[in-house]
Amino acid sequence: MTDMTATAASTGDVRVRGNVIRLAAAQALTGANSAVIFATGSIVGAALAPSVSLATVPLSMYVLGLAAGTLPTGMISRAYGRRVAFIAGTACGACTGLLAAFAILRGSFVLFCCATFLGGLYGSVSQSYRFAAADGASAVFRPKAVSWVMAGGVFAGVLGPQLVQWTMDIWSPYLFAFSFVVQAAVALVAMAILSGVDAPKPAPADLHRGRPLFEIARQPRFIAAALCGVIAYPTMNLVMTSAPLAMKMCGLSLSDSNFGIQWHIVAMYGPSFFTGTLIARFGAPRVVAAGLLLEACGAIIGLSGITAVHFWATLIVLGLGWNFGFVGASALVLETHRPEERNKVQAFNDFLVFGMMAVGSFSSGQLLANYGWAAVNWVVFPPVLLGVTVLLVVSFTQRRAALR
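Since this is a predicted model, take the numbers as computed values, not measurements.

**What to know about the overall build of the protein**
Now for step 1: Counting secondary structure elements, the protein contains 17 helices and 0 strands.
Now for step 2: Here the C-alpha radius of gyration of the protein, 20 Å, is about what a compact globule of 404 residues would show, namely 22 Å.
Now for step 3: In terms of overall dimensions, the protein has C-alpha extents of about 70 × 45 × 30 Å along its principal axes.
Now for step 4: Classification of the 404 residues of the protein by burial places 56% in the buried group.
Now for step 5: Put simply, the protein shows about 16100 Å² of open surface, and 71% of that area lies on carbon and sulfur atoms.
Now for step 6: Counting 24 positive and 13 negative side-chain charges, the protein places the averaged centre of each group 4 Å from the other.

As structure tokens, this is what we get:
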């Protein structure tokens, strides 16, 4: 019986590996969407907005799109299968690039914000790639599947900023307009790759099985996982969103900003080649705690100076912390639900993460404009302390319960 179970798990993992390759490639291409938006959004926003304090609103609209798209992504995946949701997401990605280019050519701040909102919808669908990779995988392979798909973002860290660097002046004086046209083409390539993902429509019986969402969400382990995701991602986003504009305000060049964002994204996804192994060896809670503490270290570096090297180091360490914190929190979420519950639980988790991220993102421009780069970094410490404390309490409580 044990041999039969092991064989079934191994066969399932072979199918999962095929999906992982496609999803990792799509992650690389989809990540270029967010890389282009974050590298250019606050700069284009400052040029088009009526006030510099509104410069980061396009980035906030991106985050709002992330939050708004999470629950619909789960519902589409639950009703029609993940592949349909993936195709819809990449269609939003193509529209993002075309509308953003048009907005820059017309000088319309409102249209540019609408474009970045569509980019957020695309990004919300891409967040489910990591969970889709784990569908049908054995318990041992699940963290690695999640981690390997996230590793595709390494190539996004190279592709996105370089795409901006190579194309930003092609339609001069309309800075970055052609960059978004190319981004639309990249989204169409991602659509072609995702069309081959093996993600069948859920069985009708699965739509009516499983525990109520509230019952699942009350589990201490889910609370810890969701809270740490809520802290790891929005905290990183707050600093990353502000960094390009802060660098410009400090007299640094666009090339310095693009370089910082590029290596930040590489740092975000690069550790994914081994994060799954670390989770399997040390456990997700320890990896999450290490990630949150690294984010705090990034803020300390940000407070120590305003040279290009300080900004680059801040963004790199912040990216490393995000990887450990977010991948670890995602692995924790996978431990809290049954297979038939996955779409609603995963969508609810992402809604919490990106909903909070949207709230924080709208304040980042005001925070930077009114209080400066130092204030942005100081905001990091309280949520990190809260997350580490909750992890310690939940882990201690579970250890005590296991000993009884």
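Resuming the write-up.
**So, a nonpolar patch on the surface**
Now for step 1: On the surface, Leu 105, Ile 170, Trp 171 and Tyr 174 cluster together into a nonpolar patch covering about 360 Å² of accessible area.
Now for step 2: Of note, Leu 105 is situated in helix α3 (residues 82–106).
Now for step 3: With a relative accessible area of 35%, Leu 105 lands in the partly exposed category.

**Examining the side chain of Gln 127**
Now for step 1: Turning to its location among the elements, Gln 127 is positioned in the loop between α4 (109–126) and α5 (129–132).
Now for step 2: In this structure Gln 127 comes out as buried when scored by relative accessible area, which is 10%.
Now for step 3: At a separation of 3.4 Å, a polar atom in the side chain of Gln 127 contacts the side chain of Tyr 233.

**Brief notes about the packing of aromatic side chains**
The description of an aromatic ring pair uses the distance of the two centres, along with the angle that the planes make with each other.
Now for step 1: A complete count under the given rule lists 14 aromatic pairs for this structure.
Now for step 2: Relative to Trp 373, the ring of Phe 311 has its centre 4.9 Å away and its plane inclined at 40°; by these criteria the two rings are tilted. Taken together, the residues span a long stretch of sequence, with Phe 311 in helix α14 (residues 308–334) and Trp 373 in helix α16 (residues 373–378) at a distance of 62 residues. With respect to burial, Phe 311 and Trp 373 carry one shared label: buried.
Now for step 3: For the pair Trp 322 and Phe 326, a centre-to-centre distance of 5.3 Å together with 20° between the ring planes defines the contact as stacked. Of this pair, Trp 322 and Phe 326 both sit in helix α14, 4 residues apart, roughly one helical turn.
Now for step 4: A connected cluster of aromatic rings, assembled from ring pairs, spans Tyr 233, Tyr 269, Trp 322, Phe 326 and Phe 354.

**Details of the pattern of salt bridges**
Now for step 1: Counted according to the given criterion, the structure contains 2 salt bridges.
Now for step 2: Arg 130 serves as the salt-bridge partner of Asp 350, at 2.9 Å between the closest nitrogen and oxygen. With Asp 350 in helix α15 (residues 342–371) and Arg 130 in helix α5, this residue pair connects regions lying 220 residues apart in the sequence. Like Arg 130, Asp 350 is buried.

**Description of the environment of Thr 56**
Now for step 1: As for its placement among the helices and strands, Thr 56 is situated in the loop between α1 (2–48) and α2 (57–80).
Now for step 2: The buried category is assigned to Thr 56, whose relative accessible area is 2%.
Now for step 3: In the structure, Thr 56 is positioned 15 residues away from Gly 41 in sequence and 6.9 Å away in space, judged by C-alpha atoms.

**Re helix α7 (residues 153–167)**
Now for step 1: Relative to the 21 Å expected for 15 residues at 1.5 Å per residue, α7 spans 21 Å between its end C-alpha atoms, a close match to the ideal helical length.
Now for step 2: Among all positions of α7, only Gly 153, Val 154, Ala 156, Gly 157, Gly 160, Pro 161, Leu 163, Val 164 and Thr 167 are buried.

**As for the packing of α7 against helix α11 (residues 254–269)**
Now for step 1: It is the contact of α7 with α11, at a shortest axis distance of 7 Å, that shows an interaxial angle of 165°. As far as their axial angle goes, α11 and α7 are roughly antiparallel. Classified by chirality, the crossing of α11 by α7 is right-handed. Together, Gly 153, Val 154, Ala 156, Gly 157, Val 158, Pro 161, Gln 162, Val 164 and Gln 165 of α7 and Ser 255, Asn 258, Ile 261, Gln 262, Ile 265, Val 266 and Tyr 269 of α11 make up the contact between the two elements.

**Re the nonpolar core**
Now for step 1: If you look at the biggest cluster of nonpolar residues, it comprises 115 residues, and the most contacted ones within it are Leu 23 and Phe 180.
Now for step 2: Considering each element in turn, this core owes the most residues, 17 residues, to helix α10 (residues 220–249).
Now for step 3: For Leu 23, the residues in contact, after removing those within four places along its chain, are Phe 86, Tyr 129, Ala 132, Ala 133, Val 149, Leu 194 and Val 197.
Now for step 4: Counting residues in hydrophobic clusters, the runner-up holds 5 residues, among them Ala 49, Val 57, Phe 109 and Cys 113.

**A few points about the confidence of the model for the protein**
Now for step 1: Residues of the protein with pLDDT of at least 70 account for 92%, and the chain-wide mean is 85.
Now for step 2: Here residues 1–11 scores under 50 on pLDDT; set against residues more than four positions off or in separate chains, the count is 1 contact.

**Quick word on unusual backbone geometry**
Now for step 1: Of note, the amide linkage connecting Ser 172 to Pro 173 takes the cis form, showing an omega dihedral of 10°.
Now for step 2: Within the fold, Pro 173 resides in the loop between α7 and α8 (177–194).
Now for step 3: Positioned with a positive phi, Phe 176 is a non-glycine residue whose angle comes to about 75°.

**Examining helix α6 (residues 142–151)**
Now for step 1: Among the 10 residues in α6, 7 count as buried, and that is most of the element.
Now for step 2: Among the residues making up α6, those that are buried are Pro 143, Ala 145, Val 146, Ser 147, Val 149, Met 150 and Ala 151.

**Overview of the side chain of Glu 295**
Now for step 1: In this fold, Glu 295 is placed in helix α13 (residues 284–303).
Now for step 2: Discounting residues that sit within four places of it in the chain, Glu 295 has contacts with Ile 231, Ala 232, Thr 235, Met 236, Leu 318, Gly 321, Trp 322 and Val 380.

**A few points about the packing of α3 against α8**
Now for step 1: Direction vectors running N to C along α3 and α8 enclose 170°, while the axes themselves pass 7 Å from each other. With respect to α8, the axis of α3 lies roughly antiparallel.

What counts and how
Residues numbered from 1 in each chain as written. Predicted model: local features only at pLDDT ≥ 70, side-chain atom pairs only at ≥ 80, totals over all residues. Heavy atoms only, no water. Helix = DSSP H or I, 4+ residues; strand = E, 2+ residues; numbered from the N terminus. Rg over C-alpha atoms; globule rule 2.2 N^0.38 Å. Buried < 20%, exposed > 50% of the residue type's maximum accessible area, 1.4 Å probe, protein only. Areas by Shrake-Rupley, 256 points an atom, 1.4 Å probe, with all protein chains shown as cover. Lys, Arg positive; Asp, Glu negative; His and termini not counted. Charge placed at Lys NZ, Arg CZ, Asp CG, Glu CD. Patch = residues over 30% accessible without salt bridge, like charges linked within 9 Å, V, L, I, M, F, W, Y side chains within 5 Å. Salt bridge = Lys/Arg side-chain N within 4 Å of Asp/Glu carboxyl O. Polar contact = N/O pair within 3.5 Å; in protein donor to acceptor, adjacent residues only side chain to side chain. Phe/Tyr/Trp six-rings, centres within 6.5 Å; stacked < 30°, edge-to-face > 60°. Expected span 1.5 Å × (residues − 1). Axes fitted to C-alpha atoms, helices over the stretch in contact; angles between N-to-C directions. Parallel < 35°, antiparallel > 145°, perpendicular 65-115°, else oblique. Left-handed = near helix turned anticlockwise from the far one by under 90°. Contact = heavy atoms within 4.5 Å. Core = buried A, V, L, I, M, F, W, Y, C linked by side-chain atoms within 4.5 Å. pLDDT = per-residue confidence, 0-100.

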